Amino acid sequence: MCVLVALRHEREPLLVVAANRDERVDRPWIAPLLWDDDPPVFAGRDVVGGGTWLAVNLAAPMVIGVSNARLGAPPGERSRGELVATLARERSVVGAVAVAAELDLARYGPFNLLIADARSTWSATNYPEPGLRREDGAAFVIANDPLAEPGERVLRTVRRATALADDTPDRAAAGLAEILADHDGPDPLCRHGQGYGTLCSTLVEVGPRGLLRYRFAPGPPCATAFAELSLPSGYS
């Protein structure tokens, strides 16, 4: 996944996560579905690696998402998608952060990772070196840049997302959808390349007591409408 935006609403404890997954167009994947019942992890699946780019623990509730800092993991490096799934199986953000702190993050391919719920946002990375920290501010954005050295693409997205923090949840989500479809500049958020590009997009809204909405676009967001996904009984 090449861009992931976590927006914390200023009026109430509410997290909105907006994400584009960029990948090779010939790499097979499965749209989000329920992986496990206990805990109930809802996520898309990368068929090749078996992991996921974005997962929601419906019971916690919390969101785990990853952006690969380099395309592909060489032999011997652990799957970044499996790291997302592992952390999403924890019962809370506190538990996921504790597990991330114990893991040897250097064994994975280069990544930036989000761990968040309606009240707190954490980041983990191993690029250029392992790190784990709590993030402040209304908007937090990860892409392929080192977290300590964000490029203009990330900085521009932070500015645009922060401006939405005081909007109603519906308007904030609509604004984030527009950001995901951005084609501005030499390094846009919505990418269309030869054999590589934005394959799908996600909009997730999480409150302190549960997942509020899960919208998914199975294609580039500039040309593919977001649709509400049906969630398991008791979690919608």
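Everything below is about the structure printed above this text.
Residues numbered from 1 in each chain as written. Predicted model: local features only at pLDDT ≥ 70, side-chain atom pairs only at ≥ 80, totals over all residues. Heavy atoms only, no water.

Visitor: I'm lost on empty space enclosed by the protein in this one. Help?
Guide: A water-sized probe rolled over the atoms picks out the places where empty space is left. One pass over the full model with this rule turns up 1 cavity of 30 Å³ or more. One number sums up the size of the largest cavity: a volume of about 30 Å³. Around the largest cavity, the lining residues are Ala6, Arg8, Thr121, Glu135, Asp136, Gly137, Ala138 and Phe140. Here the residues of the lining of the largest cavity sort into 3 nonpolar, 2 polar and 3 charged. (1 Å grid on protein atoms, 1.4 Å probe; cavity = no way out; pocket = protein on both sides within 12 Å on 5 of 7 lines; lining within 4 Å. Points joined across faces, edges and corners; volume = space filled by probe spheres on them. Nonpolar A, V, L, I, M, F, W, Y, C, P; charged D, E, K, R; others polar.)

Visitor: In this structure, what is going on with the sheet that holds strand S1 (residues 3–8)? I would like to understand it.
Guide: With respect to topology, 6 strands assemble into an open sheet ordered S10-S1-S2-S11-S12-S13, the strand pairing being antiparallel. The two strands at the open ends of the sheet, each matched to only one other strand, are strand S10 (139–142) and strand S13 (227–228). Pairing of strand S11 (residues 196–207) with strand S12 (residues 210–217), which is carried by 7 bridges, proceeds in the antiparallel orientation. Its bridge partner lying in S12, Leu203 is registered against Arg215. Along the sheet face, helix H3 (residues 152–162) touches S1, strand S2 (15–24) and S10 and points at about 155° away from the line of S10. (Pairing = 2+ DSSP bridges. Helix = DSSP H or I, 4+ residues; strand = E, 2+ residues; numbered from the N terminus. Contact = heavy atoms within 4.5 Å. Axes fitted to C-alpha atoms, helices over the stretch in contact; angles between N-to-C directions.)

Visitor: Please explain H3 as it appears in this structure.
Guide: Three- or four-residue spacings in an α-helix give side chains the same orientation, since the helix completes a turn every 3.6 residues. Among the residues making up H3, those that are buried are Arg153, Val154, Thr157 and Ala161. Down the axis of H3, the buried side of the element spans an arc of 95°, and every buried residue falls inside it. Among the structural elements, S1, S2, S10 and helix H4 (169–180) are those in contact with the buried residues of H3. (Buried < 20%, exposed > 50% of the residue type's maximum accessible area, 1.4 Å probe, protein only. Arc of directions from axis to C-beta.)

Visitor: How should the layout of surface pockets be read in this particular structure?
Guide: Looking at the second largest pocket, its volume works out to about 200 Å³. In this structure, the second largest pocket is lined by 16 residues; those nearest its centre are Phe140, Val141, Leu147, Pro150 and Val154. Taken together, the elements giving at least two residues each to the lining of the second largest pocket come down to strand S9 (131–135), S10 and H3. Examining the composition of the lining of the second largest pocket, we find that 4 residues originate from one element, S10, more than from any other.

Visitor: Mind showing me how you'd approach a nonpolar patch on the surface here?
Guide: Residues Ile30, Leu33 and Val47 make up a contiguous nonpolar surface patch of about 220 Å² in total accessible area. Relative to the elements of secondary structure, Leu33 occurs in strand S3 (residues 29–37). For Leu33, a relative accessible area of 36% corresponds to the partly exposed category. (Patch = residues over 30% accessible without salt bridge, like charges linked within 9 Å, V, L, I, M, F, W, Y side chains within 5 Å. Areas by Shrake-Rupley, 256 points an atom, 1.4 Å probe, with all protein chains shown as cover. Salt bridge = Lys/Arg side-chain N within 4 Å of Asp/Glu carboxyl O.)

Visitor: Which parts of the structure should I look at to understand unusual backbone geometry?
Guide: Among all residues save glycine, negative phi is the norm, and among peptide bonds the norm is trans. Put simply, Asp38 and Pro39 share a cis peptide bond, and its omega is 0°. Examined against the element boundaries, Pro39 turns out to sit in the loop between S3 and strand S4 (40–46).

Visitor: Got a minute to help me understand the pattern of salt bridges in this structure?
Guide: Side-chain pairs of opposite charge can arise whenever the charged atoms involved come near each other. According to the stated counting rule, one finds 19 salt bridges in the structure shown. Of the charged contacts, one joins Glu228 and Arg213 as a salt bridge, the two residues approaching to 2.3 Å between their closest N and O atoms. Placement of Glu228 in strand S13 and of Arg213 in strand S12 is noted, with a sequence separation of 15 residues between them. We classify Glu228 as partly exposed; its relative accessible area is 44%. With a relative accessible area of 26%, Arg213 lands in the partly exposed category. By sharing partners, the salt bridges in this structure join Arg21, Glu23, Arg27 and Asp46 into a single network.

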